[in-house]
Amino acid sequence: MTNDVVVIGGGAAGVMAACTAAEQGHRVLLIEKNERIGRKVMITGKGRCNVTNATYTVEELLENIPVNPRFLYSAFHCFMPVDTMELFEGLGVPLKVERGNRVFPVSDKAVDIVDALDKWLKQTGVHRLHDTVKHILVEDGVVTGVETEQHGRIDAFAVILATGGLSYPRTGSTGDGYRMAKEVGHTVTEIVPSLVPMTSDDPSCADMQGLSLRNVSVSVVDVKTGKTVYSDFGEMLFTHFGVSGPVILSASSHLHELQKGEYELRIDLKPALSDEQLESRLLRDFEANSNKDFRNSLGDLLPKSMIPVFLRKTGVNPYKKVNQITREERREILHTLREFTIPLSGFRPVEEAIVTSGGVQVKEVDPKTMESKLVEGLYFAGEILDVDAYTGGFNLQIAFSTGRLAGLSV
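Here's what I pulled together on the structure shown here.

Each value, and the rule that gives it
Residues numbered from 1 in each chain as written. Predicted model: local features only at pLDDT ≥ 70, side-chain atom pairs only at ≥ 80, totals over all residues. Heavy atoms only, no water. Helix = DSSP H or I, 4+ residues; strand = E, 2+ residues; numbered from the N terminus. Buried < 20%, exposed > 50% of the residue type's maximum accessible area, 1.4 Å probe, protein only. Contact = heavy atoms within 4.5 Å. Areas by Shrake-Rupley, 256 points an atom, 1.4 Å probe, with all protein chains shown as cover. Lys, Arg positive; Asp, Glu negative; His and termini not counted. Charge placed at Lys NZ, Arg CZ, Asp CG, Glu CD. Axes fitted to C-alpha atoms, helices over the stretch in contact; angles between N-to-C directions. Parallel < 35°, antiparallel > 145°, perpendicular 65-115°, else oblique. Left-handed = near helix turned anticlockwise from the far one by under 90°. Nonpolar A, V, L, I, M, F, W, Y, C, P; charged D, E, K, R; others polar. Pairing = 2+ DSSP bridges.

What the protein contains, in helices and strands, is twelve helices and 19 strands. Its C-alpha atoms put the protein at 85 × 40 × 40 Å along the principal axes. With 410 residues in all, the protein has 56% of them scored as buried. A separation threshold of at least 6 residues defines the contact pool for the protein, and within that pool the share at least 24 residues apart is 71%. For the protein, the computed accessible surface area is about 17600 Å², with 47% contributed by carbon and sulfur atoms. The average position of the 44 basic charges and that of the 54 acidic charges among the side chains of the protein differ by 7 Å.

Have a look at this one:
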């Protein structure tokens, strides 16, 4: 039997598109090469799933989309974060809003979101097939179906391509969609990592490997100009290769290129304290430890694994008695607390990125329908498109909004 719609990819965008199309009365087949849907959804938000961002206007959403934001205007008007929240709560998943308007399931379990999507597929009568699509079939500029590895040709009047990008290939995002889009004539822009950890040649990072800093303020500074290109407040992590964590991932999306020596990370270790308060705090600690070596006086101020690195960066003799530290040395210690500096050298591979920047060129896609301008009956949804956002639930919202619009438009 001919399907009305074939959806390629069982991630957030694909499931949204499939269920929406089925609700319009179409016979829908969802083809997913993994045994289970939502593999990437399962690992988002450190396994908690930051399902959306509780942002209430389209303009606010667009402010968090650094690449081709205006293309998403119609998609966001079609399906807003409040709609995403209503959908999942209607499917039995209570939600909560945390700092930065990030929305999570109350259970803090991404599997609850995936189970809800699975439930919705069953409710809407979407048929599912565990197979890999090799090609999209097109005749005279019109979609006629797909060709799969195991089941051969499958006819359809419309195909929605929602295969994701190149990030986290173990979840199934291996770039297949880019190849299929190119085969039918679409342009795919350069694929680069976005929301990705950053590398540093500074051995200090490896020395502090595993150390997580909370409630710090970070800035990424252009070394040549001294200009701050990004700043944020939150959590970060030191690794054997450099730095990671939420504020680092967000910073990476502001740096489309990162050459060694071009940027440095400056960390304010005590952003809650004014300069006067920080100096008073340091003086109190020094007074309490006046007869100790400098290296043994910082235990109440810094994490243990950071102290040896901090000592090196200040240039103060670690064996010097605290009561012998000069005013100039104290000024350098305060400066290092305010600007703990890590030089940046590059990005980790695209396979480690949360999302990929680049994809199907949006000029070739109708923003009001998500239909290809080149191939009738072909639609796109989610990360395969050349759009991406900052952290905070915005990328999943793009998936839901574009999937919804594509499903309504077929």
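Running from N to C, helix 1 (residues 12–23) and helix 12 (residues 394–409) cross one another at 30°; their axes reach a closest spacing of 7 Å. Here helix 1 is positioned roughly parallel relative to helix 12, judged by the angle of their axes. Viewed along their axes, helix 1 and helix 12 form a crossing whose handedness is right-handed. Within the contact between the two elements, helix 1 uses Ala-12, Ala-13, Met-16, Ala-17, Thr-20, Ala-21 and Glu-23 and helix 12 uses Leu-396, Ala-399, Phe-400, Gly-403, Arg-404, Gly-407 and Leu-408. In terms of residue class, the contact of helix 1 with helix 12 is built from nine nonpolar, three polar and two charged.

Taken in spatial order, the three strands make up an open sheet running 3-5-4, and their pairing is antiparallel. Looking at strand neighbours, the two that pair on one side only are strand 3 (52–53) and strand 4 (95–98), the edges of this open sheet. Here two bridges tie strand 3 to strand 5 (residues 102–105), and the two strands are oriented antiparallel to one another. Each bridged residue has a counterpart across the sheet, and for Thr-52 the counterpart in strand 5 is Val-103.

To continue, consider unusual backbone geometry. Positive phi, normally seen in glycine, also occurs at Cys-49, with a value near 70°. Structurally, the position occupied by Cys-49 is in the loop between strand 2 (28–32) and strand 3. Classification of Cys-49 by relative accessible area gives buried; the value is 0%. Even without a glycine there, the phi angle at Asp-140 is positive, about 55°. Here Asp-140 shows up in the loop between strand 7 (133–139) and strand 8 (142–148). Asp-140 sits in the exposed class, given a relative accessible area of 80%.

Read these as spatial facts, not as claims about activity.
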